[in-house]
Amino acid sequence: MSHPPQGPGNGPPSAGIGMQHQQGGQGQPAPANSMSSQNLNQIVIEYLVKKGYNRTEQMLRMESSNLDKDGRPVQERVEDLGNLKYARGFKMISDWIEQNLDIYKFELRRLLWPLFTYSYFDLVFNDAGAEIEKFFREFSPQFERVHADELRVFETIKTPQQLRDNSIAKLYLGTKYRIPINSNVYYNLLAHIETKNKEGGSVIEYLLQSFCEMKPTERGPLNQFSFEAIIGRGKDRDSDDAALQEGIDGAFNGVTNSDITDNNALLKLGMMPMESDLAQDVRAELEDEDAKNLPPLGKNSLVEEFDQNIKREDSADAPNRNEIPLPPSRARDVIMEVQKIKENRDRFRIEGRTSGVGVGVSVCMFTFHNTLDTITCMEFSDDTNLVAVGTEESYIRVWHLHGDPLPSIVQTGAKDAPPSSSRRLIGHSAPVYSVSFSPSIAGPEGPDASTPSTAPKLLLSSSSDKTVRLWSLEAWTCLVVYKGHEGPVWNVRWSPFGHYFATCGWDRTVRIWGQDHISYLRLLVGHDSNVNQIAWQPNGAYVFSASDHADKSIRMWSFTTGECVRVFAGHTDFISAIECSPSGKILASADGGGNIIFWDLTKGHMIKRCKGHGKGGIWSLSFSVESTVLVSGGADGTVRVWDVEVPTDPHKPEGEVVGAGGQADATRINGATAGAQPTTAVAAGGKKKGKDTTITPDQISAFPTKKSPVYKVKFTRMNLVMAGGCYLP
């Protein structure tokens, strides 16, 4: 008997089966080719049927139907799929993007819209019938939030003739879609497409080559010390150029921060409701105040003002007090809430503006002399009485802004020594990078001895020595040293209600602490590099953090769950300041290139970008009480006021382009001036002409200093702007 040759799909049969079916007619040996792969499969299937292995037999039939004549599995080529190849390729690239590193996802997700668009157009051009509707139904929902208008138009395009006649289709097919992309991401993409050629890579490659123009750039360098980043800074390259060269002229490219993560998480941005017992006590105090003093003409009584505030706090999107436990209220809290109502009613109001025109904003500037450029940070207290600075020499100094003495409950020094209007806090062993006063408010007029003080009682500081310190502003000594960060702690901020505070640092983490716990309560991880800025949402339920040169993203964290609920990406320079509006609906962020971006927290979208500051960094931001105006200060030695509202005509030409020698004019409402000289001119004694600065129309006014970079700006509850800086001759 002759046996078939050994092969990949033609191994030796088992003894029993082989003897039964290998006999030829009349006892003659079977021909050699009788044991082909197909015959062998048939033999096994008959055996499985005979033994009753029905499910095994069905599985074998299904798998053996996709074998070639030699028994090898047939490789399904994407070209053989016809119009199905577009869905196969789009799903392949989508899955790969979602499995990629977070630092690359933002740029990679920008590929999906043009790939979806041109796949759909190709299907229509091929007159693919049902495949057109199937492709659209499967992949369009992910673009609904950003490209809803375009999708409604695409739904009407079903035939090649409609494709040729449609204006939007003509726009997309008339020129190539520009995609600036980081070089590292670009080469990773090409490698993946090449390795997945048969699984859909070939159709993705065809779409990118035919309809897109890939432009590898140094956008978002992974390292600020990389060759590309150093060359770019040396050439003074405008980092916005790459972002502006995206998509197709006249078509919305859809590049918003909502593409970087699931920015659809439901947020609770309303104000946290007041504790019921505290609200009753506050209302009783306000009734007494109204009985003693009638409200000014045309203004609400204090009780009416309080009731309006309570209504705003009872909104459906407010967080629950049980989610963020706070210590029980005390007599001091009642006095503070009463004072807040008074200031809210009597404040100078800054209402919405029309084309930037409105009432002027006053700025009170405090200048520090003889600092030898050693001050690293600055902070004003909420009651407008104190200012604290951190220094490179590792100490903190606190001044009373009105020159009043700073009393202490601890007797130090000579008994007859006069009280001083400043205090030095010593304890850190490295430069101090951030200070933060506990919440406070200006006290009532003519308080008696029994009235609790509403002045700040505590000060937080963070340092390069890896620690955060809590200082008493009554005993002027360190109370607690908080340890946990694995490197310099760049920033610390009290929460809006005190008790909790947030820190961020070199170890890429954000940590939330409780005043009564020695270890942190939350560890928030997600940034890819140094985290150097933090801010709180006014209701205390969310924390914002911003990362430096390499990451350039802002993250919004839920205090209660520790999860990241928003990611904002759009800055092309290191982020130097962030601040949330008192309304809780808008976030402002500023960078080292002089840009300010406003973000809509609910939708997760960028609202607009403002320009006017010179290079060097915007170091501080602050919103007016009504959230209608933003004030900023930075390295260029100016305080600038911005209209928060989106301009009525966003396509209006930008303000004048003024050289470094231009003088700012705080009385001009349109803001079309360049402000003070940028740092390049200051460093050269004013002889070197700096780069021209473009100012957007939403700048309301600019207040220049002589040679004082502005470290801190702060709107008081009465809507006065306090600013502080150091004179640097």
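Residues numbered from 1 in each chain as written. Predicted model: local features only at pLDDT ≥ 70, side-chain atom pairs only at ≥ 80, totals over all residues. Heavy atoms only, no water.

(A) Layout of the sheet that holds strand β26 (residues 638-643). Taken together, the four strands give an open sheet; going across it, the order is β24-β25-β26-β29, and neighbouring strands pair in antiparallel fashion. If you trace the sheet from one side to the other, it starts and ends with β24 (618-623) and β29 (699-704), each paired once. Here the average twist between neighbouring strands, direction ignored, is 20°. Of the strand pairs in this sheet, β24 and strand β25 (residues 629-634) are connected by five bridges, and their pairing is antiparallel. When the sheet's bridge partners are listed, Ser620 is paired in β25 with Gly633. (Pairing = 2+ DSSP bridges. Helix = DSSP H or I, 4+ residues; strand = E, 2+ residues; numbered from the N terminus. Axes fitted to C-alpha atoms, helices over the stretch in contact; angles between N-to-C directions.)

(B) Structural context of the side chain of Ser622. Within the secondary structure layout, Ser622 lies in strand β24. Overall, Ser622 belongs to the buried group, its relative accessible area being 8%. For Ser622, the side chain forms a polar contact with the main-chain nitrogen of Phe715, separated by 2.9 Å. In contact with Ser622, not counting residues within four places along its chain, are Glu579, Val629, Leu630, Val631, Val713, Lys714 and Phe715. (Buried < 20%, exposed > 50% of the residue type's maximum accessible area, 1.4 Å probe, protein only. Polar contact = N/O pair within 3.5 Å; in protein donor to acceptor, adjacent residues only side chain to side chain. Contact = heavy atoms within 4.5 Å.)

(C) Examining the UniProt feature "repeat: WD" (unreviewed entry) in the chain more closely. Within the UniProt annotation, "repeat: WD" (unreviewed entry) is assigned to residues 368-401, 425-474, 482-513, 524-567, 568-609 and 618-645. A distance of 12 Å separates the end C-alpha atoms of residues 368-401, which is 0% helix and 56% strand. Within residues 482-513, the helical portion is 0% and the strand portion 59%, while the C-alpha atoms at the span's ends are 9 Å from each other. (UniProt positions renumbered as here; feature names shortened; annotations may be inferred.)

(D) The packing of helix α4 (residues 84-98) against helix α6 (residues 112-125), seen in detail. Where α4 contacts α6, the axes come no closer than 10 Å and their chain directions differ by 175°. Accordingly, the angle class assigned to the pair α4 and α6 is roughly antiparallel. Contact with α4, carried on its side by Tyr86, Phe90, Ile93, Ser94 and Ile97, involves Leu112, Leu115, Phe116, Ser119, Asp122 and Leu123 of α6 and no other residues of that element. (Parallel < 35°, antiparallel > 145°, perpendicular 65-115°, else oblique.)

(E) Expanded view of the sheet that holds strand β30 (residues 710-715). Overall, mixed pairing links the three strands, which are arranged β3-β31-β30 in an open sheet. In this open sheet, the two strands that pair with only one neighbour each are β3 (363-368) and β30. On average, adjacent strands in this sheet sit at an angle of 15° to one another, irrespective of strand direction. Where β3 and strand β31 (residues 721-726) come together, six bridges link them in parallel fashion. Bridge pairing links Phe368 to Cys726 in β31.

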